[in-house]
Amino acid sequence: DTPVIINHESIHIRQQIELLVLPFYILYFLFYLIGLIKGNAYRRIPFEKEAYYNENNLYYLKKRKWGSWMKYIFKKP
């Protein structure tokens, strides 16, 4: 569903803006490496968790607080 995909990617854009792009990709890669050790690497990335948990809520970005991705660091995939 196109609006859901656009919302998912828009959440990533907001995350990148918050982290000034380069740190976003560095952290993304580090979380991915940690996930490789624990298994299911992609789904363990907090940026992806936030985007997947909220992609169906098309109003999420209107109410999302700065740094919301951090709440997903220890949340189970």
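Look up: the structure comes first, before these words.
Residues numbered from 1 in each chain as written. Predicted model: local features only at pLDDT ≥ 70, side-chain atom pairs only at ≥ 80, totals over all residues. Heavy atoms only, no water.

(A) Layout of the pattern of salt bridges. As enumerated under the stated definition, the model contains two salt bridges in all. Where Arg 64 meets Glu 18, a salt bridge forms, and the shortest distance between an N and an O atom there is 2.3 Å. Taken together, the positions of Arg 64 in the segment after helix H5 (60-63) and Glu 18 in helix H1 (residues 2-18) put the pair 46 residues apart, joining distant regions of the chain. Taking the relative accessible area as the measure of exposure, Arg 64 reaches 9% and is therefore buried. Exposure remark for Glu 18: the relative accessible area of 12% places this residue in the buried category. Of the charged contacts in the structure, one is a salt bridge between Arg 64 and Glu 50, with a shortest N-O distance of 2.5 Å. With a gap of 14 residues between them, Arg 64 in the segment after H5 and Glu 50 in helix H4 (residues 46-54) connect regions that are remote in the sequence. Among the ionic contacts, a cluster of salt bridges with common partners joins Glu 18, Glu 50 and Arg 64. (Salt bridge = Lys/Arg side-chain N within 4 Å of Asp/Glu carboxyl O. Helix = DSSP H or I, 4+ residues; strand = E, 2+ residues; numbered from the N terminus. Buried < 20%, exposed > 50% of the residue type's maximum accessible area, 1.4 Å probe, protein only.)

By themselves, these figures tell us nothing about what the structure is for.
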